[in-house]
Structures are given as structure tokens and as C-alpha cells.
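Chains, contacts and geometry: an overview
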Amino acid sequence: MPASFPLLAVEDLQTYFYTRRGVVKAVDGVSFTLEAGQTLALVGESGSGKSVTCLSLVRLVPEPAGRIVGGRVLLQGEDLLRKSPAEMRRVRGKHIAMVLQDPMTSLNPALTIGVQVTEVVRLHQGLRRTALRDRVIEALHRLRIPGAEARLHTYPHQLSGGMRQRVSSAIAMSCTPRLLIADEPTTALDVTIQAQYLELLREVQAHTGVAIILVTHDFGIVAANADRVAVMYAGKIVETGSTLHIFDTPSHPYTQALLRCLPGVELQRQSLVEIGGQPPDLAHLPSGCPFAPRCPQRQPICTETYPPPVLVEPGHVAHCWTATAVSV
Amino acid sequence: MAIAYPVEESIATKRWRAGWGHVPLFPSLILIALVLTAVLAASLAPHSPTDADITRKLVPPVWMQRGTWEYPLGTDRFGRDVLSRVIYGSQISLVVSLLVIGVAGTIGTLVGLIAGYRGGISDAILMRLTDIGLSLPTVLIAVVLVAVSEPSFRNVILVISLLLWPRFARQIRGETLAIKQQDFVALAVVSGRSNTWIISRHIFPNVMPTLLVICTLQVGYVILLEGSLSFLGVGVPPPNPAWGLMIADGRGFLATAWWMSLFPGLSMLLTVLAVNLLGDWLRDRLDPKLRQV
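Let me sum up the structure you'll find in this document. Each chain carries its own residue numbering, running from 1 in the written order of its sequence. Here chains are named by letter from A upward and ligands by number from 1 upward, in the order in which they appear as written. Only residues with pLDDT of at least 70 get local features here, since the model is predicted, and only at 80 or more are side-chain atom pairs given and counted; chain-wide, interface and lining totals rely on the full set of residues.

1. Comments concerning the environment of B:Asp81
All names here are of chain B. Position of Asp 81 relative to the elements: it lies in the loop between α3 (41-44) and α4 (82-118). You can call Asp 81 buried: it has 27 C-beta atoms within 10 Å. In this description, a residue-residue contact is defined by the distance between C-beta atoms placed from the backbone, which must lie within 7 Å. If we ignore the near neighbours within four places in the chain, the residues touching Asp 81 are Pro 46, His 47, Tyr 71 and Thr 75. Labels follow the DSSP assignment, with helices taken as runs of H or I lasting at least four residues and strands as runs of E lasting at least two, numbered in each case from the N terminus. Here a residue counts as buried when 20 or more other C-beta atoms sit within 10 Å of its C-beta, as exposed when there are 12 or fewer, and as partly exposed otherwise, the C-beta atoms being derived from the backbone.

Given below as C-alpha cells:
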């Protein structure tokens, strides 16, 4: 391993929303690193801070209500949170791209597909005419968009949801970013199309070496696509580790509960398991571990002090008083 | 190997096409006639609109006693041909409304886009200005403004524009707020676009339908306002053959020489009616809820 910077290092990121009901700590001390070519899955319930984490990375937190109040986002060693808006604009286009959940609104309904792809390619590569057109068609081909030439003249409303999602991914990938933030890219797609789409994403990743942050709440997707997993709860990463670790030795009760919720193949007649209780009110977090009220393994200390990180095994960290190092 | 898939026309496209086949006949004919009249005024009008001759004053229309084909719609109190004046009057109405819509539309759209997109303090300031603009008693202000400066063609246009832009600004801002929320705008920011680019390339094309509808609906209002101002003597200065001016001219002769006011009034009525009907139709056609299908 060269002793250089990781592609992305997030350190103690804090994003708060100042609402009438009080300060909502949507992201509260999130740290993780991501290497080129890797996929990190951010998993968690709705409202656990996954999306806000992603928005914070590109500094798109809706202001003035939301604000990044602390932490560092180091992209190849450079702190994005310290950049001026103009510098940030350059970084966003060149190094970071994003795919969002709803393919219905992620394309401009007033412009043709061709125009929208072309504009991004032209902005970042400065190509012209034939070279530009070839590059555009290549970008669409890479995402397996059939009949790319003919599609250039169609409008978004003429395409299906899966096709639109591919087009927006083609746009995102056309400038060969280092980091792709995919915020629940498959939620709005059919299950069959989901698999197909993620397969394409993996292919593109193998081809370009892009690092992907994959936000999802589907452990099936995690298992098939992610190298590492970060489980979020109430704005904090409660457990992080390689996908194998997380599935084999989940050490945080929340992760264990999430995994129990998955319908197993062999348990066909059993009813689905759920996690009792509700996610906490982020404006009024309980002291100690936010998961404590719902935790089956709750101990007195849990409601008093937030647990320090426990190194369960190399590269596998859990924030829980009950977690212990696995003896290998 | 790329296979060329036939690209099917969506329902929306088909509807849209079918829609153009249903352009309402009456208003379009009136408007086409109006534009042709204005463009060809010089060759259509039998006389000069300002050619006065006191010896042939107050000649009635051709179908009445003493009427002659020389002056099909009669003459006014200075002996000017009413038909020719009505024909030339269409030029004034058309030019005034186009210029006003151009000026007010540009200002209003820019203000609306900026206020809606930037939000915050710019939004607050621009929208309070707009509120003030909307709360001004239109005709009264126009009378005062034109009375302070002197009546001229240019002043009329500036005054009406000044009073009209808030209507554009308000609507466009609302529309901008809605479009700004869409993901493609966020993605454009992520891909490193400047605000100017995003506004002109992503927001503006999507407010175009709304803009088109406002423009059409405001044309009728502008024509009426210009008519009112001319009628009050603070609009287009005489001897220009503005319709409002002609109506005012004939006011004292309504009992005896009603044709002086009737025909310009009728022209104004038909024009405004046609524009408004067309605007209503356009609004229905471009309604985003209908377009989404």
C-alpha cells in the first residue's frame, strides 16, 4: 500500500438543521474512508442521515436551515469544506458525480437527451463536433442504452424509468469522476431492472476505477455490490466493516436487528421480523446511545454514555458497549 | 452492435399535435386579420389617417343617407376617414402591446427567475418591490406619470411596462420555485454549472410555457390600458389614430355621429376578446398537469 491519501476521507462530519423545534443533528460525527475502485454502502432506516451525509459531501445541504457545522471532507487530501464556491464548482464537475433516487425528475424535461449529455461532456472535456458526438454516444453505450444515436433526439418523458436512470448515470459517468454518489439509485426501479442497473454500475466501476458511495436500505443490494458497509443510525455510523464482516459477525445490536429483518429463504412460512419502537426524534436525542431504547441488549450504561469505538476485528468497528473483539 | 429502436411518440406529443389542430378558429382569424391589417395598413387604407378636410366632416357610413363609398365608415369631426384611422389604429395597438410585453416580460421574467432561484434576501427585496408594483392603482399612476412627462409614444410604452412587469415576476417566481426543487437542477449544480447557466438552461426553458400564457393573456390588458390612457388624453398623442383617442374624440357626438366612436371601440373589443380567448386556450393546452400524461 502506498502511503498516500485515500481517495475520500470523511472526518467527524456534522451537519445540523436549525428548525423551530430545535437543532436536528442529521449527521453527527460521521467518519469513513473510501479507496478508488471501492464501493461503500451506507445503510440505515429512513431519516438516519444517509442522504444528508451525501449532500454534505458535495455541499448541497439546503441552506439556510441546514449547515455543515464541523468536520472535514478530504478528497485526495484536499478539504472540500474549505473551498470557495468557485473552487467547489470545479471539484464537483470534475471529481464528483451524483445519481439520485427519482429518475423522473433527474433529467430536464425541456431538453433532449442528446443535448443534456452533450453539455456535460463539452463542459468537462472541451471536445467539438464529431469527437464530441462520438464521446456522447460512447457514454450512452457504456450504460447499454440501446439505439443511442436515435435516443439523442428524444425527450426524457419518452423514456422508461430504467432508461432514464441509465441516461442520468451516463451523464454522471461521462466526465469520468473519481467519486460517484448514488443515493438510492434503484429505489424507483423494478426489481429486474435493479439488478441489471447495478450490474452495469459494477461494470463501469471495473472499467473506470470510480469509487462509489451507495446509499440503500436493501441488504440484498449491499451484499452483491459493496466492498464495505457503514450502518447509520440517528446521524451516526454505528458499525462499519467489510461486507463480509458485517454479514458474518454483526456486532452492533442494530445491525443484527436489521439483518434479522431480512426474509430468509429457508424460513418461508415465518412472519417477517421487525425492529420494535421508532427511530428517535433527532431534535431531542436521548443521552447515551440513541439506539438504547429499542435495544434488546440494553445495559444501564447505555442510556448514560455514548459507547466508544470497539475494534471487533481489523477494519471492523462497532460503537456498542456489548461489542467485543472477535478472537480469530 | 447498435439496434435502431423505433422511437415512439409519447401520448403527450400526440396530444400536443392533435392540440394544434384545434386552435380556436374565431380568435385566430381575428388576430390574423388584425396583424395583416396592421402590416398592410398603407395599401389597405383608402385615405391618409390624418388627412383632415373640414368640408367633408361627419359624413355617415355608406349604408346611411348621405353616406358614400368614398368613406365607408364615415368621417370624423375633422373630416378624416374613420376606416383609414381604424386601420392605422391597429398598428398602434399592435406595436404598443408587443413592445410593452417585450419590455415588461423581460424585466418581469428576469426578476422572477432571480428571486425564485436565489431566494433569501434577494427574493425578499425583489418580491416586496413586486408587491408594491402590484398594489399601485394602474390607471391612476399611468395618468400621473404620463402627465408629469409629456404624452408620447415612448412614454406610454414605458409607463405601461412599469406597471405590468410585476405580474410576470410573480408568476415566474412561483414557477421557478417549483422547478428549482427538481433533481436535475441539483445534478446540474453537482456537475459544476454556474448559476447563470442553470437559470438560463434549466429553469428558463421550463418556465417558457407559463411565460407564453402570461404574455398572451396580458396583450388584451395592454391594449385596453393603452386605449384607456389615450382616451384620457395621456396616451398616444393626437393626431395619431389610436383607438382610444378616436373613442374620446367621438364622445361629444355619440347622439349624432356615433360612428366616430363605435368602430374603433368595436375593433378594440374584438381584438381583446380574440387575444383573451386564445390565451385561455393556450393556458389549457400548456397546463403542466395536462402535459405530464
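2. Details of the packing of helix α5 (residues 120-135) of chain B against helix α7 (residues 153-180) of chain B
Residues and elements named next belong to chain B. Here the axes come from fitting lines to C-alpha atoms, over the contacting stretch only for helices, and the angles between their N-to-C directions go from 0 to 180 degrees. α7 packs onto α5 with a crossing angle of 135° between their chain directions and a minimal axis gap of 8 Å. Considered as vectors, α5 and α7 are oriented oblique to each other. Considering only the axes of α5 and α7, their crossing is left-handed. Residues Met 127, Thr 130, Gly 133 and Leu 134 of α5 form the contact with α7, whose participating residues are Trp 165, Pro 166, Ala 169, Arg 170 and Arg 173. Residues are grouped as follows: nonpolar covers Ala, Val, Leu, Ile, Met, Phe, Trp, Tyr, Cys and Pro; charged covers Asp, Glu, Lys and Arg; every other residue, Gly included, is treated as polar. A breakdown of the residues in the contact of α5 with α7 according to their chemical character gives five nonpolar, two polar and two charged. Just so you know how the angles are binned, under 35 degrees is roughly parallel, over 145 roughly antiparallel, 65 to 115 roughly perpendicular, and the rest oblique. By the definition used in this description, the sense in which the near helix is turned from the far one sets the handedness, with an anticlockwise turn below a right angle giving left-handed and a clockwise turn giving right-handed.

3. Some thoughts on the sheet that holds strand β8 (residues 211-216) of chain A
Residues and elements named next belong to chain A. Overall, mixed pairing links the eight strands, which are arranged β6-β7-β8-β3-β9-β10-β12-β11 in an open sheet. Lying at the two open borders of the sheet, with one neighbouring strand each, are β6 (96-99) and β11 (309-313). Along the sheet, successive strands turn relative to each other by an average axial angle of 20°, direction set aside. If DSSP finds at least two bridges between two strands, the strands pair. Relative to β8, strand β3 (residues 39-43) is paired through five bridges, and the arrangement is parallel.

4. Here's the deal with the interface of chain A and chain B
Taken residue by residue, the interface counts 29 residues in chain A and 20 residues in chain B. Of all the secondary structure elements, the ones that give two or more residues to the side of chain A that touches chain B are α2 (85-95), β6, α3 (113-125) and α5 (148-151) of chain A. The biggest single contributor to the side of chain A that touches chain B is α2(A), with five residues. Here the residues of the side of chain A that touches chain B are counted per class, giving 15 nonpolar, eight polar and six charged.

5. A look at the pairing of strand β9 (residues 228-233) of chain A
Residue and element names in this part refer to chain A. Within β9, six of the six residues are buried, which leaves it mostly tucked inside the rest of the structure. Every second residue of β9 is oriented toward a common face, with Arg 228, Ala 230 and Met 232 on one face and Val 229, Val 231 and Tyr 233 on the other, all of them buried. Two elements, β3 and β9, share four bridges in a ladder whose sense is parallel. Note that in β9 the partner of Ala 41 across the bridge is Val 229. One ladder, built from six bridges, connects β9 with strand β10 (residues 236-242); its direction is antiparallel. Each residue of the ladder has a partner; that of Met 232, found in β10, is Ile 237.

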